[in-house]
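Chain by chain, the residues run as shown.
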Amino acid sequence: MITRTRLAAGACALLAALAAGMAFPAGASAGEPTGEDAPKVDLVLDVSGSMRTRDIDGGTRMAAAKQAFNEVLDATPEEVRLGIRTLGADYPGDDRKTGCKDTAQLYPVGPLDRTEAKTAVATLSPTGWTPIGPALLKAAGDLDGGDGSKRIVLISDGEDTCAPLDPCEVAREIAAKGIGLTIDTLGLVPNTKMRQQLSCIAEATGGTYTSVEHTEELTDKVNQLVDRAADPVVTPVATEGADACAKAPALKSGLYTDREEFGQQRWYRVDVEPGQELRASVSVGADRAVNPSYGVLLRAVTVHGREIVRGEAAGNGRTDVLSTGLRYPKAESDDDDAAAEAVCLQVTNSFSVASGVKTTPGLPLELTVDVVDGPGDSDDVAAFGLGRGWWLLGLLVLVGFLAGLLWGWLSRWRFAIWRTN
């Protein structure tokens with residue numbers, strides 16, 4: 001009887017295991033080759049003497065950077081090859097020539113050992129100069145080789161102190177090599193000159209600049225940039241919006257860049273077939289000092305000027321990029337020959353600057369357009385809240401039914417044996 005009981009329990013366990021295996025197929029192991037070059041990220045951290053300043057959440061800038069790095073290292077995707085380079089971390093003296101060579105690879109670009117990387121970061125202490133240009137050149141070498149995405153994330157709290165090696169010119173040289181390397185910059189408690197320099201570095205390679213005044217902001221932004229390195233590389237297409245809907249360029253699904261003057265309107269046109277859905281988003285960056293209180297408006301209108309839907313966002317000076325988006329599903333048509341609808345997208349901003357700040361070129365604008373098949377009937381969209389989980393629910397019901405039959409047969413058999421004895 002004991003043997004039969006074990007056989008029945010084993011059968012139930014086997015059914016459950018099979019169900020789990022079907023419901024959750026095994027994925028590739030972490031670090032397993034995927035047939036593509038792994039994305040690479042080099043975090044370049046300013047460890048110059050000014051990082052001792054205590055003006056970020058009551059602590060030093062260096063403490064904020066260390067805390068952010070520890071959290072970023074914990075969250076780094078397994079497929080990303082990450083390294084850490086420092087500038088100004090080793091030479092405390094006054095010799096400029098020596099200070100401008102003070103950049104070193106703290107942790108090599110490669111598979112991440114989180115404990116080892118955190119230990120290396122913990123040893124850092126604010127020390128010397130700010131050789132941004134030399135550090136960028138070395139960081140580009142750290143990422144050399146392979147066809148995967150390459151990204152440098154520069155965190156600094158001051159201007160480069162090693163001119164005439166202009167870091168902006170260094171960034172342009174890196175971009176001119178055509179190696180697909182993007183430089184993103186983050187300025188800790190920035191001033192106007194630092195903002196201009198870091199913005200120029202980022203813009204030269206198609207990267208982003210962000211000013212940071214809190215530890216949480218620094219952590220979130222670095223995490224975002226590291227995650228972005230693991231995403232498929234999409235090259236934005238330069239376009240030029242018109243000043244009216246009738247003159248707007250026709251766009252298809254994709255990522256586009258443009259420049260928009262202060263307070264200007266830019267128009268673009270997208271054709272939407274019946275049964276399709278238009279999804280659009282826009283981001284406008286403040287690559288120079290702007291007045292607080294500003295906004296961005298994205299409108300979808302018909303060619304006759306009737307507004308269909310809008311998205312808007314407002315800022316108060318705490319961020320350098322403002323984004324908004326919209327969705328427009330076009331209903332199905334009974335006419336198989338129904339023509340596509342021309343939808344005009346209007347982008348407007350309310351950024352302004354103080355006197356003396358250049359207004360040209362316009363603000364960098366990034367527009368994402370996606371035209372997809374629209375949602376079908378309710379059972380296709382939500383399936384009563386389960387979506388594609390119906391098949392899993394059905395499988396679990398079947399397994400439960402079979403397990404119940406086995407258990408019932410076993411219980412009945414045991415009861416019969418008990419009555420016989």
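Note that the structure is predicted; figures quoted are calculated from it, not measured.

(A) Quick peek at the overall build of the chain. Assigned secondary structure in the chain consists of ten helices and 17 strands. Across the 421 residues in the chain, those meeting the buried criterion constitute 42%. For the chain, the exposed surface amounts to about 22,300 Å²; the carbon and sulfur share of it is 53%.

(B) Highlighting the pattern of salt bridges. Overall, the coordinates contain 17 salt bridges when judged by the stated rule. In this structure, Arg 327 and Glu 277 form a salt bridge, with 2.8 Å as the shortest nitrogen-oxygen distance. Residue Arg 327 is located in strand 15 (residues 321–329), and its partner Glu 277 is located in strand 12 (residues 276–285); the two are separated by 50 residues in the primary sequence. On the basis of relative accessible area, Glu 277 is assigned to the buried category, the value being 4%. One salt bridge in this structure joins Arg 299 and Glu 307, with 2.8 Å as the shortest N-O distance. For Arg 299, a relative accessible area of 16% gives the class buried. Connected through salt bridges with shared partners, the residues Arg 299, Glu 307, Arg 310 and Glu 312 form a single ionic network.

(C) Up close: the sheet that holds strand 11 (residues 265–272). If you walk across this open sheet you meet the four strands as 11-16-13-14, and the pairing is antiparallel. The open sheet is flanked by strand 11 and strand 14 (307–315), the only strands paired with a single partner. The average angle at which neighbouring strand axes cross in this sheet is 15°, direction not considered. Pairing of strand 13 (residues 294–302) with strand 14, which is carried by eight bridges, proceeds in the antiparallel orientation. Directly across from Leu 298, in strand 14, lies its bridge partner Gly 311.

(D) Expanded view of helix 4 (residues 114–122). Taken together, the buried positions of helix 4 are Ala 117, Ala 120 and Val 121. Looking straight down helix 4, one finds its buried side chains confined to an arc of 100°; they lie on one side. Helix 4 presents Thr 115 and Ala 122 as exposed residues on the side facing more than 90 degrees away from its buried surface. Looking at the buried positions of helix 4, the neighbouring elements they touch are helix 2 (61–75), strand 4 (81–87) and strand 5 (103–110). Put simply, Asp 113 is the residue that caps the front of helix 4, since its side-chain oxygen is 3.2 Å from the backbone nitrogen of Thr 115.

(E) Quick look at the state of the cysteines. Under the defined criterion, the tally for this structure stands at three disulfides. What connects to what in the chain, once the bonded cysteines are numbered by sequence position, is 1-2, 3-4, 5-6.

(F) Geometry of the environment of Val 153. Along the chain, Val 153 falls in strand 6 (residues 150–156). Note on Val 153: relative accessible area 0%, which makes it buried. Considering only alpha carbons, one finds Val 153 and Asp 42, 111 residues apart in sequence, at a separation of 6.3 Å. Setting aside anything within four residues of it in sequence, one finds Val 153 in contact with Val 41, Asp 42, Leu 43, Val 44, Asp 184, Leu 186 and Leu 225.

(G) Spotlight on a nonpolar patch on the surface. A contiguous nonpolar patch, built from Leu 398, Phe 401, Leu 402 and Leu 405 and spanning about 380 Å² of accessible area, is present on the exposed surface. Note that Leu 398 resides in helix 10 (residues 390–420). On the basis of relative accessibility, which here comes to 46%, the residue Leu 398 falls in the partly exposed class.

(H) Structural view of helix 7 (residues 192–204). Between its first and last C-alpha atoms helix 7 spans 18 Å; for 13 residues at 1.5 Å apiece the expected length is 18 Å, and the two agree. When helix 7 is considered as a whole, its buried residues turn out to be Met 194, Arg 195, Gln 197, Leu 198, Ser 199, Ile 201 and Ala 202. Of the surrounding elements, those touching the buried residues of helix 7 are helix 5 (132–142), strand 6, helix 6 (167–176), strand 7 (181–188) and strand 8 (209–212). Sitting at the amino-terminal end of helix 7 is Asn 191, which places a side-chain oxygen 3.2 Å from the backbone nitrogen of Lys 193.

(I) Molecular detail of the nonpolar core. Counting residues in hydrophobic clusters, the biggest one holds 31 residues, and the most contacted among them are Leu 43, Leu 45, Ile 155, Leu 186, Leu 218 and Val 226. Secondary-structure elements contributing two or more residues to this core are strand 1 (40–46), helix 2, strand 4, helix 4, strand 6, strand 7 and helix 8 (215–230). Considering every element that reaches this core, the biggest residue donor is helix 2, with seven residues. If you look at the next biggest cluster of nonpolar residues, it comprises 27 residues, including Val 270, Val 272, Leu 298 and Val 353.

The rules behind these values
Residues numbered from 1 in each chain as written. Predicted model: local features only at pLDDT ≥ 70, side-chain atom pairs only at ≥ 80, totals over all residues. Heavy atoms only, no water. Helix = DSSP H or I, 4+ residues; strand = E, 2+ residues; numbered from the N terminus. Buried < 20%, exposed > 50% of the residue type's maximum accessible area, 1.4 Å probe, protein only. Areas by Shrake-Rupley, 256 points an atom, 1.4 Å probe, with all protein chains shown as cover. Salt bridge = Lys/Arg side-chain N within 4 Å of Asp/Glu carboxyl O. Pairing = 2+ DSSP bridges. Axes fitted to C-alpha atoms, helices over the stretch in contact; angles between N-to-C directions. Arc of directions from axis to C-beta. Contact = heavy atoms within 4.5 Å. Polar contact = N/O pair within 3.5 Å; in protein donor to acceptor, adjacent residues only side chain to side chain. Disulfide = S-S within 2.5 Å. Patch = residues over 30% accessible without salt bridge, like charges linked within 9 Å, V, L, I, M, F, W, Y side chains within 5 Å. Expected span 1.5 Å × (residues − 1). Core = buried A, V, L, I, M, F, W, Y, C linked by side-chain atoms within 4.5 Å.

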